[in-house]
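The primary structure of each chain is shown beneath.
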Amino acid sequence: MEGMKLKKVMPGKEAAPQILAVALSILAALLLCLYLFYLLPRMAQESDPAPPGDDRKHHVLILGESADEETLKEIYKGAEAESKSYNCVVELNVPSSIAEGQSLQSLLNFASFVDADGVIAYITEGGSGFKIPKAFDGREIPLITVSHYDESIPQITHIGTNYSELGRKISQESADYLNGRGRLIVINTVKSNSANYSTLMASVTSNLANYEDIAVYVADLESSASITETSGMLARKIRYSEADLLVCLSGEDSIRAAQLVNDLGKSGYVGIIGFGEGSVLDRYLEIGVITELLSIDSQKIGSLALKELFEYIHYGHANSYIAADVKIRKAGSL
């Protein structure tokens, strides 16, 4: 072996295709990695951008029973319009249907599950007795209540309605419509022991009593359904022109009164001052069957609720009570 020289072996032509195949495989693998880990995520981000507000610091829930969904949607709109100023995401949480029967407590429990920073809850009469949701660290989540006030609920702020003042406004608008003279029927269908409704009814009738030339008749009916009975007492008074104006104190009563007046062909002859909000009422107002519509300004409530919530979050205090504004809209001014 001594003196033997090593000879460099050059690959022959038959090895070239194999080398090329290996190189192409490596290149393909590199291109696949580039696509999977760089290009694909960027394409997905551009085609399906993250929802606005995903990176905001705070999370606020607006919740209530589905029967109040129209009002809750308006409250949500008001809060959502202000949410960017407070670096928060606002979420509306209601049962998907009345048939679900989802309780207010279960909705509040969801606030604990998502560790919300605050809750705005629409409370109906008889809606007390629930437990305040707690955050992951054990503290109570700040709660703002709307509509019904219950002193046993540890809310930081309550935004409610001054029913005495609301009754005064309804009376004033009624007198203005009649120019201080005419025949007016106040429709009364509520038979429950609702203190708020009793206050409203008493305020309307007592304020109308100040107008000597306005004849006021209170139509006590068994239910809202009684309004649309075309053979009933109310229909007879409308048919025989014994009323110049109907005053309704709930959304359902306002809708049914509009249906009755329209069915009797008295639209434009008998005015309706209604109370409430929603798309059906808006439509009757738009076409002039309802003359005037008063409602609680729910969007303003949403805006105020968010302001008070973050006043508490940032400074540890907030107004304990705020009176909701009343919104007045008239046919022809939409």
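Now for a quick tour of the structure. (Residues numbered from 1 in each chain as written. Predicted model: local features only at pLDDT ≥ 70, side-chain atom pairs only at ≥ 80, totals over all residues. Heavy atoms only, no water.)

1. Comments concerning the nonpolar core
Argument step 1. Ranked by size, the top nonpolar core spans 43 residues in total, and within it Ile-159, Leu-166, Ile-170, Leu-184, Val-186 and Leu-249 carry the most contacts.
Argument step 2. Per-element tally for this core: the top contributor is helix α9 (residues 298-315), with 6 residues.
Argument step 3. Grouped together as the second largest cluster of nonpolar side chains are 23 residues, Ile-185, Leu-221, Leu-246 and Tyr-284 included. (Core = buried A, V, L, I, M, F, W, Y, C linked by side-chain atoms within 4.5 Å. Buried < 20%, exposed > 50% of the residue type's maximum accessible area, 1.4 Å probe, protein only. Helix = DSSP H or I, 4+ residues; strand = E, 2+ residues; numbered from the N terminus.)

2. A word on unusual backbone geometry
Argument step 1. Even without a glycine there, the phi angle at Asn-87 is positive, about 55 degrees.
Argument step 2. Along the polypeptide, Asn-87 turns up in the loop between α2 (69-83) and β2 (88-93).
Argument step 3. Of note in the backbone geometry, Asp-115 takes a positive phi value of approximately 55 degrees without being a glycine.
Argument step 4. Relative to the assigned elements, Asp-115 resides in the loop between α3 (104-113) and β3 (118-123).

3. Digging into the pairing of β3
Argument step 1. Of all 6 residues in β3, 6 are buried; the element is thus mostly enclosed.
Argument step 2. Alternating residues of β3 divide into Gly-118, Ile-120 and Tyr-122 and Val-119, Ala-121 and Ile-123, and every residue in both groups is buried.
Argument step 3. The pairing of strand β1 (residues 58-63) with β3 spans 4 bridges and is parallel. Considered in β3, the bridge of Ile-62 is made with Ile-120. (Pairing = 2+ DSSP bridges.)

4. Concerning the pattern of salt bridges
Side chains that differ in sign of charge can pair as their charged atoms come close.
Argument step 1. Per the counting criterion, the structure on display carries 12 salt bridges.
Argument step 2. Measuring nitrogen to oxygen at the nearest pair gives 3.5 Å for the salt bridge that ties Asp-213 to Arg-181. With a gap of 32 residues between them, Asp-213 in the loop between α5 (195-208) and β7 (214-220) and Arg-181 in the loop between α4 (163-177) and β6 (182-188) connect regions that are remote in the sequence.
Argument step 3. By relative accessible area, Arg-181 is classed as exposed at 58%.
Argument step 4. For Arg-283, the salt bridge is made with Glu-286, and the minimal N-O distance between the two is 3.6 Å. Taken together, the residues span about one helical turn, with Arg-283 and Glu-286 both in helix α8 (residues 279-286) at a distance of 3 residues. (Salt bridge = Lys/Arg side-chain N within 4 Å of Asp/Glu carboxyl O.)

5. Overview of the sheet that holds strand β8 (residues 245-247)
Argument step 1. Read from one edge of the open sheet, 6 strands run β7-β6-β8-β9-β10-β12, paired in mixed fashion. Each edge of the open sheet is held by one strand with a lone partner, namely β7 and β12 (326-330). Strand-to-strand, the axes of this sheet are offset by a mean angle of 20 degrees, without reference to chain direction.
Argument step 2. Strand direction decides the pairing type here: β8 and strand β9 (residues 271-275), joined by 3 bridges, are parallel. Within the sheet, the bridge partner assigned to Leu-245 lies in β9 and is Gly-271.
Argument step 3. Helix-sheet contacts for α5 involve β6 and β7, and the interaxial angle to β6 is about 170 degrees. (Axes fitted to C-alpha atoms, helices over the stretch in contact; angles between N-to-C directions. Contact = heavy atoms within 4.5 Å.)

6. Some remarks on the packing of α4 against α5
Argument step 1. Relative orientation of the contacting elements α4 and α5 amounts to 40 degrees, with a least axis distance of 8 Å. In this structure, α4 meets α5 at a crossing whose hand is right-handed. Residues Tyr-163, Ser-164, Leu-166, Gly-167, Arg-168, Ile-170, Ser-171 and Ser-174 of α4 touch α5, and the partners they reach there are Asn-196, Thr-199, Leu-200, Ser-203, Val-204, Asn-207 and Leu-208. (Left-handed = near helix turned anticlockwise from the far one by under 90°.)

7. Points about α4
For an α-helix, 3.6 residues make a turn, and residues three or four places apart therefore share a direction.
Argument step 1. Compared with the 21 Å implied by 1.5 Å per residue over 15 residues, the 21 Å span of α4 between its first and last C-alpha is a close match.
Argument step 2. The N-cap of α4, judged by a side-chain oxygen 3.3 Å from the amide nitrogen of Ser-164 a few residues on, is Asn-162. (Expected span 1.5 Å × (residues − 1). Polar contact = N/O pair within 3.5 Å; in protein donor to acceptor, adjacent residues only side chain to side chain.)

8. Points about the side chain of Lys-266
Argument step 1. Tracing the backbone through its elements, the reader meets Lys-266 in the loop between α7 (251-263) and β9.
Argument step 2. Summary of buried charges: Lys-266 has no salt-bridge partner, and the nearest side chain of opposite charge, Asp-244, is 9.8 Å away. (Lys, Arg positive; Asp, Glu negative; His and termini not counted.)

9. As for the packing of aromatic side chains
Aromatic rings considered in pairs are described by the distance between their centres and by the relative angle of their planes.
Argument step 1. Inspection of the entire model under this criterion finds 2 aromatic pairs.
Argument step 2. The positively charged end of Lys-237 is found above the aromatic ring belonging to Tyr-217, 4.6 Å away from the centroid. (Phe/Tyr/Trp six-rings, centres within 6.5 Å; stacked < 30°, edge-to-face > 60°. Lys NZ or Arg CZ within 6 Å of the ring centre and 35° of its normal.)

10. Regarding the environment of Ser-147
Argument step 1. Along the chain, Ser-147 falls in strand β4 (residues 143-147).
Argument step 2. The class of Ser-147 is partly exposed, set by a relative accessible area of 21%.
Argument step 3. The spacing of Ser-147 and Thr-124 is 23 residues in sequence and 6.7 Å in space, taken between C-alpha atoms.
Argument step 4. Excluding residues within four positions of it along the chain, Ser-147 makes contact with Tyr-122, Ile-123, His-158, Ile-159 and Gly-160.

Taken by themselves, the reported measurements are silent on function.
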